[in-house]
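Residue-level listing of the chains:
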Amino acid sequence: MISGSDKYANLEDFDAIAGKAKRLESLIKLSNNLRERERRLPITFNDFLYNASKNPEVVFRDIFQLFYDMLHHYVPDGEDDYSVTDQSIGFVQYDFSKLFVEDSDNPFFADRLFANRLMNLAEGLKKGAHRNSILLFEGPPGSGKSTFLNQLLQKLEDFARTDAGTTYKVFWKINLRALEKYRKFRGGSAKSGNGDEYLNDSITDSLNGSSALPSGNLEFSCPNHDHPILMIPKSYRKEFLDELIPDEKFKDRLFNEKQYEWVIKGVPCNICNALYKALLDTSGDPLAVYSMLNARKNFFSRQLGEGISVFNPGDQVIKKPITNITLQRALNNLFSSDEIRFYYSYLAKTNNGMLALMDIKENNVFRLKEFHGIISDGVHKVELAEEYINTLFVGLVNPADKKEYEDIPSFQDRIETVKIPYILDYKTEIAIYRNKFGSKIESHFMPRVLENFAKIIISTRLDIDSHTIKSWIANPEAYSMYTDKDMLLLKMDLYAGKVPIWLSDKDIKGFNRNIRKRLIEESEFQGRKGISGRQCLTVLNRLLNLYTDSEKLITMDMLKEFFGQESKNLNVEIPSGFIDSLIDSYDYEVLQEVKEAIYYYNEKQLSDEILDYLFAINYEPGTTKQCNYTGHTIEITEEFFDDFESMLLGESSTLSDRKSFRKDMHSEYITSTISQEIQLEGKAITETEQYKKLFERYTRNLKENSLTPYAESENFRRAILDHGTSNFNAYDKRIRRDVELLLANLVKKFSYSPEGARQISLYVLDKGLIKKYS
């Protein structure tokens, strides 16, 4: 019989065993995951060549092609929604969240301008441009350069560990017993008869990954990360690849495009070259050498300086070659000479990788100058040996530090500068605020107000003069209600990829390819001054501390008051009159929202009115006809036409204006709507372009006047204040319906809170915006 205490003891033992089993299971699972992630088992040269024949575009990649593939792995194809015509300039909207934001403790936010610069840079690198240059990312302090580069290097390291990011390097597996056999055989001590047969069998087994010879290997990777194909002698390489690769289209690119020049003309490092010759001298058979040659997946580790290496200005300069005494001794004993000198420079560790300089100052100035010759020629001396380097050199530089190299003439064609200015896209600026202050930061603001805070910040970063906009917009005064006198608000919208709807048809047509291209080129010189990325977070924090204790949401009036007081704390100026113009623009936008929210229409009724009009324009006034589309009997008079056309053209339109419009409508109806779309294409009348344009214009104009009845209605204003109380029931049915529709739509369509919807409705009425924009 088991006692109570023994019973509990057994239960405790059972729990301990179960816990141990669970921990072991977790450890096994972790081990399996790590094994799959870190798997870098060498493959035979024969298997490597098989992979190369089947998938040459992946196998034959250097660091420049890998960099391109890495970007496109994380960044999906973008959309060129910027063009107002078919004349694209390639200003694409890219989603960089997987590259710079997701799974990051310190994300980088790239605006549309920089995103296009980076993608265009990668395209150039892949095609062979910039290969004899160092890429310097230039930006003012606080522009996020270090964050950008740290994220970029981390993603390259992550990508290199995936199947999609696999690149190969030489890995030697020198079979010591086989080598001794070769040596004895060539020395005449091998038995006659089956010696050749035995050696050939040994070679074949080694090439296939299984050796009939006794085990015992000297194994090591090429410290220079040589691509295995470089071990095919250069004079035979092209012919060999021509036979190996069946894909004729790829071979045409391989043999003719600059991006693959390294495959045909590259040479192995001095260590692999000397070892190949020593093995060939010993074995007398190249096939025997290739039986000991393997390919291994490259390993990228910033921490270990393998494939990726980062130097800060204070890091000591490395001058001595790197060596491996144990391996050197083994090679000396194996070949009884010192013909294989196992030493290399620190630059070999990032050959076919990336080497980065964090700021061009102190010791990094020396490194930059040291790299100059290497970048130019791709080779440098390590003691008596030449070491070939094919590295993607990058660096960060502040404008003030350019003095360290810009006066050196030979540097001018070896440095490619990529600008990282302060953010110029207000959408990206807001993404930074959300990241720093939390996703709910906008709940403290009325809709659009946080966006306008971002625009005020960006206004300090933009140059006031724009020759491109001046040559494009002939009459900027016409837009005084929508943008500032310097057109900075227009520029911000364009940099964000948005063509404002308030531009006239003439100016939209004038926004041609040449203007768009010049505008983007002009952006290269923007964002070099103003409130920095770090400083703007401090300013926003002061704003939140000042107003978030209030029950009301932060409004534009509060924002104006804040910057009026804050100006003394800023070391930069907000452009004169900009905030007032921003308020005008804001007033216009919120007025449109309120008009949209209160607007209600019966779609069938509006559709019938348009169809009746399209039918009636085929007849002269003074007749009565039954409409084929609606079945309505229409008394066709000038008054009938006037009611409809005035809604489209405005009350101030003249009889001549209306008749001209009617004539154009009739012409389009006969030549396009009836003859082409209905008779030839089989469309219904409501599917034709003419109907759609009229419906859109008709509803837009009805919406424009939707608030007019309440412009000076004190009763309507009080009903908004009383909404949600028992007093609201005292108002007439129409006012109650319109107030409820207004507030509900502001919440549903424009993301206002219930209190925000009430505030913005009163704001529109109290500021007289209906009359201001009538």
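Look up: the structure comes first, before these words.
Anyway, here's the lowdown on the structure attached to this text.

What counts, and where the lines are drawn
In every chain, residue numbers begin from 1 and rise along the written sequence. A pLDDT threshold of at least 70 governs which residues receive local features in this predicted model, and a stricter bar of 80 or more applies before side-chain atom pairs are shown or counted, although totals over entire chains, interfaces and linings include all residues. Side-chain descriptors were evaluated using all non-hydrogen atoms of the structure, hydrogens and water having been removed beforehand. Helix and strand assignments follow DSSP, with helices taken as H or I runs no shorter than four residues and strands as E runs no shorter than two, numbered in order from the N terminus. It is over C-alpha atoms that the radius of gyration is taken, and the globule rule equals 2.2 Å times the number of residues to the power 0.38. Relative accessibility thresholds used throughout: buried, under 20% of the residue-type maximum; exposed, over 50%; partly exposed, between the two (1.4 Å probe, protein chains only). All accessibility values rest on the Shrake-Rupley procedure with a 1.4 Å probe; residue burial counts only the protein chains present in the view. For the purpose of charge, His is not counted, nor are the chain termini; Lys and Arg are scored as positive and Asp and Glu as negative. A single reference atom marks each charge: NZ on Lys, CZ on Arg, CG on Asp, CD on Glu. When DSSP finds at least two bridges between two strands, those strands are taken to pair. Two residues form a contact once any of their heavy atoms are found within 4.5 Å. Note on method: axes are straight lines fitted to C-alpha atoms, helices fitted across the in-contact stretch only, with angles between N-to-C directions ranging 0 to 180 degrees. Nine residue types can take part in a nonpolar core, namely buried Ala, Val, Leu, Ile, Met, Phe, Trp, Tyr and Cys, and a core is a set of them joined through side-chain atoms within 4.5 Å. The criterion for an aromatic pair is that two Phe, Tyr or Trp rings (for Trp, the six-membered ring) have centres within 6.5 Å, with stacked assigned to planes under 30 degrees apart, edge-to-face to planes over 60 apart and tilted to the rest. Working rule: Lys NZ or Arg CZ, within 6 Å of ring centre, within 35 degrees of ring normal, means a charge sits over the ring.

It is worth spelling out the overall build of the protein chain at this point. The helix and strand inventory of the protein chain stands at 33 helices and 15 strands. Radius of gyration (C-alpha) of the protein chain: 37 Å, far over the 28 Å computed for a compact globule of 774 residues. With the principal axes as the frame, the protein chain shows a C-alpha extent of 120 × 85 × 80 Å. The buried share of the protein chain, reckoned over its 774 residues, is 48%. Summing over all exposed atoms, the protein chain offers an accessible surface of approximately 38800 Å²; the carbon and sulfur share of this is 49%. Across the protein chain, the mean location of the 102 positive side-chain charges is 4 Å away from that of the 116 negative side-chain charges.

Let's shift gears to the sheet that holds strand 1 (residues 43-44). One open sheet holds the 4 strands; their spatial order is 1-5-3-4, and the pairing between them is antiparallel. Taken across any chain shown, the strands that pair with only one partner, and hence form the sheet edges, are strand 1 and strand 4 (217-221). As judged from the 5 bridges shared by strand 3 (residues 168-175) and strand 4, these two strands associate in the antiparallel manner. Residue pairing across strands places lysine 173 opposite glutamate 219, the latter belonging to strand 4. In the packing of helix 13 (residues 270-283) onto the sheet, the strands contacted are strand 3 and strand 4, and the crossing angle to strand 3 comes to about 35°.

With that settled, the discussion passes to the nonpolar core. In terms of nonpolar packing, the biggest core is built from 88 residues, with Tyr433, Phe453 and Phe563 touching the most fellow members. Top contributing element to this core by residue count: helix 25 (residues 578-598), with 11 residues. What tyrosine 433 contacts, discounting residues up to four positions off in sequence, is Gly438, Ile441, Leu450, Phe453, Ala454, Ile457, Cys536, Leu537 and Leu540. Counting 51 residues, the second-largest nonpolar core is a separate cluster that includes Val59, Ile229, Ala274 and Ala295.

Quick look at the pairing of strand 2 (residues 134-138) now. Buried residues dominate strand 2, accounting for 5 of its 5 residues. The side-chain alternation of strand 2 yields two buried faces, one formed by Ile134, Leu136 and Glu138 and the other by Leu135 and Phe137. Examined bridge by bridge, strand 2 and strand 13 (residues 415-419) share 5 bridges and lie parallel to one another. Across the sheet, glutamate 138 pairs through a bridge with lysine 419, a residue of strand 13. Bridge count between strand 2 and strand 12 (residues 392-397): 4 bridges; the pairing is parallel. Note on strand 12: the bridge partner recorded for glutamate 138 is valine 397.

It is worth spelling out the pairing of strand 12 at this point. Most of strand 12 is tucked away: 6 of the 6 residues are buried. The side-chain alternation of strand 12 yields two buried faces, one formed by Leu392, Val394 and Leu396 and the other by Phe393, Gly395 and Val397. Both strand 9 (residues 354-357) and strand 12 contribute to a ladder of 4 bridges, which runs parallel. Bridge pairing in strand 12 links leucine 357 to glycine 395.

Going through the model one piece at a time under the given rule, you end up with 35 aromatic pairs. Ring geometry for phenylalanine 342 and tyrosine 344: centres 6.1 Å apart, planes at 85°, overall edge-to-face. With respect to class, phenylalanine 342 is no different from tyrosine 344; both count as buried. Look at tyrosine 433 and phenylalanine 453: their rings are 5.7 Å apart centre to centre, the planes differ by 70°, and that puts the pair in the edge-to-face class. In this pair, tyrosine 433 is assigned in helix 17 (residues 426-437) and phenylalanine 453 in helix 18 (residues 449-459), connecting sequence segments 20 residues apart. Of the two residues, tyrosine 433 and phenylalanine 453, neither departs from the other in class, the shared state being buried. By way of ring pairs, the aromatic residues Tyr94, Phe96, Phe100, Phe108, Phe114, Phe137 and Phe148 are connected into one cluster. Between arginine 112 and the ring centre of phenylalanine 91, over which it is positioned, the NZ or CZ distance is 4.7 Å. One Lys or Arg, arginine 516, reaches over the ring of phenylalanine 511 and ends 5.9 Å from the middle of that ring.

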